[in-house]
Amino acid sequence: MVVSNYDALRKQARLLENEIDLKLVAFSKIGGSSSSSIGHSSSNADTSPLLGEHLFDSLSEEIAQMLDKLSSINESMTELPTTGAAAMHTLQRHREILQGYRQEFNKISANHTMRLEREELLRGSGLNSPSISGLSRRDMYLKESSHINSSNTLVNDQINIAIETREHLLSQRHAFKRMQTRFNDISNRFPLISSLIQRINIKKKRDALILGAVIGVCVILLLIYAFN
């Protein structure tokens, strides 16, 4: 029952981690695009920034709730009486993934706030023309964030495969140990068979010694007869 609950929580954590990963990519794109629209024409400045900010705030609240839910699932897995190095490594990995998502979420939010403040200062100073270099930097940051998220996903998949392989090897090792224990139990339950085998071996050795002695005596007698 504990194992089934652990597996169910683990599947929920993986699904939620994948959803958060996708949400963070969209969150990063919205955070970069909404703030860059501030320096456009006056008609766009009245509508696009407001729409972008609404989407950004809505997605920010949604991701925060998902992070809290993932934290709750991790705590539930920690409270289960699971044992083994693989289980402990899995729980530690889930905690590290949650921490990484929180850091990425806070970083995107902070960068978005800084861009808004900087562009607000530029707009207040009369620099209302769009910045081509700013757009290029934004695209570069988005690509870099996308590459990092993809790399994290691939690394997580490889770690999960390695953990599952290790668990499979450990289960095989336990199976071999159980077989060895059963063989030992069988040999201990039937001491008469072991004693009989020992007696048969002793009798074989004794018969071999007697036969060797008889052959030796016969050879000696033949030699004596031949020389006489």
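Residues numbered from 1 in each chain as written. Predicted model: local features only at pLDDT ≥ 70, side-chain atom pairs only at ≥ 80, totals over all residues. Heavy atoms only, no water.

### What about the overall build of the protein chain?
Argument step 1. The secondary structure content of the protein chain amounts to 5 helices and 0 strands.
Argument step 2. The buried share of the protein chain, reckoned over its 228 residues, is 24%.
Argument step 3. Across the protein chain, every contact between residues at least 6 apart in sequence was considered, and the portion connecting residues at least 24 apart equals 89%.
Argument step 4. Accessible surface computed for the protein chain: about 16300 Å², of which carbon and sulfur atoms make up 62%. (Helix = DSSP H or I, 4+ residues; strand = E, 2+ residues; numbered from the N terminus. Buried < 20%, exposed > 50% of the residue type's maximum accessible area, 1.4 Å probe, protein only. Contact = heavy atoms within 4.5 Å. Areas by Shrake-Rupley, 256 points an atom, 1.4 Å probe, with all protein chains shown as cover.)

### With respect to the packing of aromatic side chains
Argument step 1. Throughout the structure, instances matching the rule amount to 2 aromatic pairs.
Argument step 2. Plain terms: the ring middles of phenylalanine 27 and phenylalanine 56 are 4.5 Å apart, the flat faces sit at 20° to each other, and that makes the pair stacked. Separated by 29 residues along the polypeptide, phenylalanine 27 in helix H1 (residues 2-36) and phenylalanine 56 in helix H2 (residues 42-79) bring together distant segments of the chain.
Argument step 3. Taking 5.3 Å as the distance between ring centres and 25° as the angle between the ring planes, the aromatic pair formed by phenylalanine 27 and phenylalanine 105 counts as stacked. Here phenylalanine 27 is found in helix H1, whereas its partner phenylalanine 105 is found in helix H3 (residues 85-124), with 78 residues between them in sequence. One exposure class covers both phenylalanine 27 and phenylalanine 105, and it is buried.
Argument step 4. Three or more aromatic residues link up through ring pairs in this structure, and these residues are Phe27, Phe56 and Phe105. (Phe/Tyr/Trp six-rings, centres within 6.5 Å; stacked < 30°, edge-to-face > 60°.)

### Some points on a nonpolar patch on the surface
Argument step 1. Side chains of Leu211, Ile215, Val219, Leu223 and Phe227 sit close together on the surface and give an oily, nonpolar patch of about 540 Å² of accessible area.
Argument step 2. Structurally, leucine 211 can be placed in helix H5 (residues 191-227).
Argument step 3. The class for leucine 211 is exposed, based on a relative accessible area of 52%. (Patch = residues over 30% accessible without salt bridge, like charges linked within 9 Å, V, L, I, M, F, W, Y side chains within 5 Å. Salt bridge = Lys/Arg side-chain N within 4 Å of Asp/Glu carboxyl O.)

### With respect to empty space enclosed by the protein
Once rolled over the atoms, a probe with the size of a water molecule shows which space is left empty.
Argument step 1. Counting across every chain of the model gives 1 cavity of 30 Å³ or more.
Argument step 2. Taken as a whole, the largest cavity encloses approximately 30 Å³ of empty space.
Argument step 3. Lining the largest cavity are Val25, Ser28, Lys29, Leu142, Ser145, Ser146 and Asn149.
Argument step 4. Contributions of two or more residues to the lining of the largest cavity are made by H1 and helix H4 (132-189).
Argument step 5. If one sorts the elements of the lining of the largest cavity by residue count, H4 sits on top with 4 residues.
Argument step 6. Partitioning the lining of the largest cavity into residue classes produces 2 nonpolar, 4 polar and 1 charged. (1 Å grid on protein atoms, 1.4 Å probe; cavity = no way out; pocket = protein on both sides within 12 Å on 5 of 7 lines; lining within 4 Å. Points joined across faces, edges and corners; volume = space filled by probe spheres on them. Nonpolar A, V, L, I, M, F, W, Y, C, P; charged D, E, K, R; others polar.)

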